[in-house]
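What follows is the residue order along each chain.
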Amino acid sequence: MTTISRRDYLALTLATGAALTIDPRGAFAQSPLLTRAIPSSGELLPVVGLGSSATFSQVARSEDIAGLREVLKTLVDRGATVFDTAPSYGASEEVAGRIAAEASITQKVFWATKVNVVPRGGTAADPAAARAQIESSFTKLKKSKIDLIQVHNVADVPTQLGILKELKGAGRVRYIGVTSTSEEQYPALMAAMKAEPLDFIGIDYAVDNLEVEKEILPLARDRKIGVLVYLPFGRTRLFRRVGDRPVPEWAAEIGVTTWAQFFLKFVLGHPAVTSVTPATSQAKHLIDNLGAAVGKLPDEAMRKKMVAFVDALPQAQG
């Protein structure tokens, strides 16, 4: 999913290799990942995690999942924890749960999944079907208590969030929330944020996709709701937009060496964001992404400069 230039990848490889000669645990062994607190509890989470849509989901459906084993092991070895998935991501949830169990790392992962049984074009969820989907997630992830379950795409929040509140009260789910990556759903998302005791929301946010900055992110801060960010690369849109251009030299001021780090550090520069979970099926891309979780983050002046730089580029085609 993530594309970095040959020059950037070689630089990343050399830097990683140099660190390995000092400490075999890897490039981030001497630079712990930045963390942020979940507002409702104070629990700290690394600011960059791993998503399981897109290429992760595609590989999960294949016969060769060796790459997914490597990427999940890399996630834990590098000190990251957040893994975001959903029943709608095909085999991702089941395969990740199996890999983690086989590698004995299940308890080292912060598992974030979702629930949505509202039929396409429908408005109501069957409570029995919602409960069955949630129980399936417990089975697939091989967990008796799941860290976070969110209502996917603001679908029938009264019914499905109601079930999640029951499960949280029973001690089977630690945190609950609601997600949306559609601007049309933002009013419904904000209504849920104002009315419900949410621990998290999951939203789309990127350097060229700033709509959530207007109301949703300020509301999250006011309501003390954690924020997971999806689509920080606009799927592949931002990489297509920058093309083969080099990262601007001034980005080195915040430790950016690749476009992935540029895009991720922009998102993390907003204080309402708890963690960002770009999807990938390759360990080298995860290592690159985790480079955004060390060192300085952009201040407001730098973030405006980053937006202006991207805005000046031609729009990606397709």
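Within every chain, residues take consecutive numbers counted from 1 along the sequence as written. In view of the model being predicted, local features appear only for residues whose pLDDT reaches at least 70, and side-chain atom pairs are presented and counted only at 80 or more, with totals across whole chains, interfaces and linings using the full set of residues. Water and hydrogen atoms play no part in the side-chain values, which are based on all heavy atoms of the structure.

Enquirer: Explain the overall build of the protein residue by residue, including any values.
Expert: The helix count covers DSSP runs of H or I at least four residues long, the strand count covers runs of E at least two residues long, and both are numbered beginning at the N terminus. Tallying secondary structure elements over the protein gives 12 helices and 10 strands in all. We compute the radius of gyration over the C-alpha atoms and compare it with the globule rule, which gives 2.2 Å times the number of residues raised to the power 0.38. Relative to the globule expectation of 20 Å for 318 residues, the C-alpha radius of gyration of the protein, 19 Å, shows essentially globular dimensions. Over its C-alpha atoms, taken along the principal directions, the protein stretches across nearly 55 × 45 × 40 Å. Each residue is assigned to one of three classes by its accessible area relative to the maximum for its type, calculated with a 1.4 Å probe on protein chains only: buried under 20%, partly exposed between the two thresholds, exposed over 50%. Here the protein holds 318 residues, and 55% of them are scored as buried.

Enquirer: So what's going on with the pairing of strand 6 (residues 146–151)? Which residues, and what values?
Expert: Burial of strand 6 is extensive: six of the six residues sit out of reach of the surface. Pairing between two strands is assigned when DSSP locates at least 2 bridges connecting them. As judged from the four bridges shared by strand 5 (residues 110–115) and strand 6, these two strands associate in the parallel manner. The residue bridging Lys-114 from the neighbouring strand is Gln-150, located in strand 6. By the bridge criterion, five bridges tie strand 6 to strand 7 (residues 173–180) in an arrangement that is parallel. The residue bridging Val-151 from the neighbouring strand is Val-178, located in strand 7. Note on handedness: a clockwise path from strand one over the helix to strand two, with the strands aimed away from the viewer, defines a right-handed crossover. The β-α-β motif built from strand 6, the intervening helix 6 (residues 157–169) and the parallel element strand 7 has right-handed crossover chirality.

Enquirer: Can you lay out the side chain of Thr-113 for me, pointing to particular residues and giving the numbers?
Expert: Its place among the elements puts Thr-113 in strand 5. Within 3.5 Å is the distance limit for a polar contact, defined as a pair of N or O atoms, with the added protein rule that one can donate a hydrogen and the other accept it, and that residues adjacent in sequence qualify only through two side-chain atoms. Side chain to side chain, Thr-113 and Glu-93 meet in a polar contact 2.7 Å long. Other than its neighbours up to four places away in sequence, Thr-113 contacts Thr-85, Ala-86, Pro-87, Glu-93, Ser-137, Leu-141, Ile-146, Leu-148, Ile-149 and Gln-150. Note on contacts: a residue pair qualifies if any of its non-hydrogen atoms lie within 4.5 Å across the two residues.

Enquirer: Outline unusual backbone geometry, supporting the account with residue identities and numerical values.
Expert: Of note in the backbone geometry, Asn-153 takes a positive phi value of approximately 60 degrees without being a glycine. On the secondary structure map, Asn-153 appears in the loop between strand 6 and helix 6.

Enquirer: Describe the pattern of salt bridges, listing the residues and the values that go with them.
Expert: Oppositely charged side chains may form a pair once their charged atoms are brought near each other. Should a side-chain nitrogen of Lys or Arg be within 4 Å of a carboxyl oxygen of Asp or Glu, the pair is scored as a salt bridge. Evaluation of the coordinates by the stated rule reveals 16 salt bridges. For the salt bridge of Lys-214 with Glu-211, the shortest nitrogen-to-oxygen distance reads 3.1 Å. Classification of Lys-214 as exposed rests on a relative accessible area of 59%. Because the salt bridges share partners, they merge into one network encompassing Glu-43, Asp-147 and Arg-174.

Enquirer: So what about helix 6? Which residues, and what values?
Expert: Between its first and last C-alpha atoms helix 6 spans 17 Å; for 13 residues at 1.5 Å apiece the expected length is 18 Å, and the two agree. All buried positions along helix 6 are accounted for by Val-157, Gln-160, Leu-161, Gly-162, Ile-163, Leu-164 and Leu-167. Against the buried residues of helix 6 lie strand 5, helix 5 (127–141), strand 6, strand 7 and helix 7 (186–195). An expected span of 1.5 Å times one less than the residue number is assigned to each helix.

Enquirer: Outline the packing of helix 10 (residues 259–268) against helix 12 (residues 300–311), supporting the account with residue identities and numerical values.
Expert: To define axes, lines are fitted to C-alpha atoms, for helices over the stretch in contact only, and angles between the resulting N-to-C directions are given on a 0 to 180 degree scale. Relative to each other, helix 10 and helix 12 sit at 125 degrees, their axes nearing to 10 Å. It follows from the interaxial angle that helix 10 and helix 12 lie oblique. Between helix 10 and helix 12 the crossing geometry is left-handed. On helix 12, the residues that touch Trp-259, Phe-262 and Phe-266 of helix 10 are Arg-303, Met-306, Val-307, Phe-309 and Val-310. Roughly parallel here means an angle under 35 degrees, roughly antiparallel means over 145, roughly perpendicular means 65 to 115, and every remaining angle is called oblique. Should the near helix be turned anticlockwise from the far one by less than a right angle, the crossing is left-handed, and should it be turned clockwise, the crossing is right-handed.

Enquirer: Tell me what's going on with the packing of helix 3 (residues 66–77) against helix 4 (residues 92–102), and back it up with residues and numbers.
Expert: At a minimum axis separation of 10 Å, helix 3 and helix 4 run at an interaxial angle of 65 degrees. In terms of crossing hand, the pair formed by helix 3 and helix 4 is right-handed. Across the interface between the two elements, Leu-68, Arg-69 and Leu-72 from helix 3 touch Val-95, Ala-96, Ile-99 and Glu-102 from helix 4.

Enquirer: Account for the confidence of the model for the protein, with residues named and values stated.
Expert: Per-residue confidence for the protein averages 92 on the pLDDT scale, and 90% of its residues sit at or above 70. Confidence of the prediction at every residue is given by pLDDT, a number between 0 and 100. Scored below 50 in pLDDT, residues 1–29 makes 42 contacts in the model with residues more than four places away or belonging to other chains.

Enquirer: Any chance you could break down helix 10 for me, citing the residues and the numbers?
Expert: Burial within helix 10 is extensive, with 10 of its 10 residues counted as buried. For helix 10, every residue scored as buried is listed here: Trp-259, Ala-260, Gln-261, Phe-262, Phe-263, Leu-264, Lys-265, Phe-266, Val-267 and Leu-268.

Enquirer: Kindly report on the sheet that holds strand 10 (residues 275–276), identifying the contributing residues and their values.
Expert: Pairing is parallel across the open sheet formed by eight strands, whose spatial order is 3-4-5-6-7-8-9-10. Edge positions in the open sheet fall to strand 3 (50–51) and strand 10, since each of these has one partner strand only.

Enquirer: Describe the environment of Leu-228, with residues and values.
Expert: Looking at the element boundaries, Leu-228 is found in strand 9 (residues 226–230). Looking at Leu-228, the relative accessible area reads 0%, which means it is buried. Measuring from C-alpha to C-alpha, the distance between Leu-228 and Pro-127 comes to 26 Å, with 101 residues separating the pair along the chain. Those residues in contact with Leu-228 that sit more than four places away from it in its chain are Asp-84, Ala-112, Leu-148, Gln-150, Phe-200, Ile-201, Gly-202, Ile-203 and Ser-275.

Enquirer: Account for the layout of surface pockets, naming residues and giving values.
Expert: The computed volume of the largest pocket comes to approximately 480 Å³. Grid points spaced at 1 Å and placed over the protein atoms alone form the basis of the search, with a cavity being a set where a 1.4 Å probe fits but cannot get out and a pocket an open set showing protein on both sides within 12 Å along at least five of seven lines. Lining residues have an atom within 4 Å of a point. Forming the walls of the largest pocket are 26 residues, and the residues nearest its centre are Ser-53, Tyr-89, His-152, Leu-231 and Arg-235. At the level of secondary structure, the elements contributing two or more residues to the lining of the largest pocket comprise strand 5 and strand 7. Any residue that is not Ala, Val, Leu, Ile, Met, Phe, Trp, Tyr, Cys, Pro, Asp, Glu, Lys or Arg is counted as polar, Gly included; the first ten are nonpolar and the last four charged. Within the lining of the largest pocket, the residues separate by chemical class into 11 nonpolar, 12 polar and three charged. Grid points are joined across faces, edges and corners, and a volume is the space filled by probe spheres set on the points.

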